[in-house]
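Next come the chains, spelled out residue by residue.
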Amino acid sequence: MLDKIKDLLEEVKNLTAASAEEAEQLRIKYISKKGIIPQLFNEFKNVPNDQKKAVGQAINELKNAAQESITQLKEQFEQSGLTSGATDLTLPGSAMPLGSRHPLSIVRNQIVEIFDRIGFSVAEGPEIEDDWHVFEALNFPPEHPARDMQDTFFINQDPDILLRTHTSSVQIRTMEHQKPPIRAIFPGRVFRNEAISARAHCIFHQVEGLYIDKDVSFADLRQTLLYFAKEMFGQDTEIRLRPSYFPFTEPSAEMDISCTLCGGEGCNICKHTGWVEILGCGMVDPAVLTNCDIDPDEYTGFAFGMGIERIAMLKYQINDIRLFFENDVRFLEQFRAES
Ligand code: PHE
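How each quantity is defined
- As a convention, each chain's residues are numbered from 1 in the sequence order in which they are written.
- Restriction of local features to residues with pLDDT of at least 70 applies here, the model being predicted, together with a cutoff of 80 or more for giving and counting side-chain atom pairs; totals for whole chains, interfaces and linings are based on all residues.
- Hydrogens and water molecules were not included; the side-chain quantities draw on all heavy atoms of the structure.
- We call two strands paired when DSSP finds no fewer than two bridges between them.
- Secondary structure elements are taken from DSSP: a helix is a run of H or I of four residues or more, a strand is a run of E of two residues or more, and numbering for both begins at the N terminus.
- By the convention used here, residues are in contact when the closest approach between their heavy atoms is within 4.5 Å.
- Inter-axis angles, ranging from 0 to 180 degrees, are taken between N-to-C directions of lines fitted to C-alpha atoms, where helices are fitted over the stretch in contact.
- UniProt positions are given in the numbering used here, feature names are shortened, and annotations may be inferred rather than shown by experiment.
- Consider each residue's heavy atoms; a residue with any of them within 4 Å of a molecule or strand counts as near.
- Whenever a nitrogen or oxygen atom comes within 3.5 Å of another N or O atom, the pair is scored as a polar contact, on the condition that within protein one atom can donate a hydrogen and the other can accept it, and that pairs from neighbouring residues in sequence are kept only if both atoms are in side chains.
- Throughout, the ten residues Ala, Val, Leu, Ile, Met, Phe, Trp, Tyr, Cys and Pro are labelled nonpolar, Asp, Glu, Lys and Arg are labelled charged, and all others, Gly among them, are labelled polar.
- Each residue's exposure class comes from its accessible area (1.4 Å probe, protein chains only) as a fraction of the maximum for that residue type: buried when under 20%, exposed when over 50%, partly exposed otherwise.

## Notes on the sheet that holds strand β1 (residues 121-122)
Right, so step 1: Reading across the sheet, the seven strands line up as β1-β5-β6-β10-β9-β8-β7 and stay open at both edges, with mixed pairing between neighbours. Edge positions in the open sheet fall to β1 and β7 (239-246), since each of these has one partner strand only.
Right, so step 2: Note: strand β8 (residues 249-258) against strand β9 (residues 275-284), eight bridges, orientation antiparallel. The partner of Ile 257 across the bridge, within β9, is Val 276.
Right, so step 3: Seen against the sheet, helix α5 (residues 103-116) touches β1, β5 (182-191), β6 (203-213) and β10 (300-307) and runs at an angle of roughly 165 degrees to β5.

Here it is in structure tokens:
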């Protein structure tokens, strides 16, 4: 019997448990009423008298050792909170759900940053405008057919109060309040009464740019836009300017960039031409400067305007403008890693 107790003593000194439950199982096996150790106490009465002292001491030693090991195992789990529900300070914290910026905000911020580096400040204007700032001052006389280029939402059928169809209105507001030199960009939301499709929406965003000073030339316009295109779409990007028409610029142009997707080879995005249009631009018409009390004999300037959705669609290869306004988190989440 002494040998058996010795073996058990070794055993209980080396007990291990992977969980609080396992530790409890060990308690049941060794020290509960029907466990091994109380059974030894039962057998004790059969031990011959001359051995009683030694066996008694051995059983007591075994009992104490078992109790100590099992208590230690249990404490270990209790401290880690796995049984008691106490807080385990070593567990990793639960992650905070992180939101993401809207892709239009990301691209807007990038545009602002790029122009900030070459000295353009940012100005904003109202979305509800009057005819003067959206059309008249920009050289669209009443009944001018160019007004049809932009289908306008009027407010309360008042022909003088409308939702701006372009951010060029902020150009006028800036020139009215600030004398040259002026170097600013105007990001904002614009509205056009257009049928919604994959390529067009009745609400979208533009960034307009304006630079007025002495001796500003078309070459300055071209270099500024080339710099922008390379910063936005990569240093390999090339630009091309095509003659165009806007009432408020003369000469006017539309700017294409070499297709970012196929590198100019020809693909679906560039309709196999190798070029995609990204903005309108031109030298500010002298009549517009005069409307804002700026002397066109002293100052010249350039202006340009681009759609933020269009830039974002090209940059992220998004093929439907409606995705920007649906707030589908599966779409929005993809921009989580962006600034
Ligand atoms: N306002 C024009 C548009 O909305 C863009 C533009 C801005 C063109 C400035 C030339 C100069 O289409």
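## Examining the UniProt feature "domain: Aminoacyl-transfer RNA synthetases class-II family profile" (unreviewed entry) in the protein
Right, so step 1: With numbering matched to this structure, UniProt assigns "domain: Aminoacyl-transfer RNA synthetases class-II family profile" (unreviewed entry) to residues 107-326.
Right, so step 2: Helix makes up 27% of residues 107-326 and strand 32%, and the two end C-alpha atoms of the span are 18 Å apart.

## Describing the site of the ligand
Right, so step 1: Inspection of the region around the ligand gives 14 residues, with His 166, Ser 168, Arg 192, Gln 206 and Glu 208 positioned closest.
Right, so step 2: Between His 166 and the ligand, the recorded distance is 3.1 Å, taken from a side-chain N or O atom to a nitrogen atom.
Right, so step 3: At 2.9 Å, a side-chain N or O of Arg 192 approaches an oxygen atom of the ligand.
Right, so step 4: Elements that contribute at least two residues to the shell around the ligand include exactly β6, β9 and β10.
Right, so step 5: Considering each element in turn, the shell around the ligand owes the most residues, three residues, to β10.
Right, so step 6: A class-by-class count of the residues in the shell around the ligand yields five nonpolar, seven polar and two charged.

## Structural notes on the environment of Gln 110
Right, so step 1: Mapped onto the fold, Gln 110 is located in helix α5.
Right, so step 2: On the basis of relative accessibility, which here comes to 19%, the residue Gln 110 falls in the buried class.
Right, so step 3: As for Gln 110 and Glu 231, which are separated by 121 residues in sequence, their C-alpha atoms are 9.3 Å apart.

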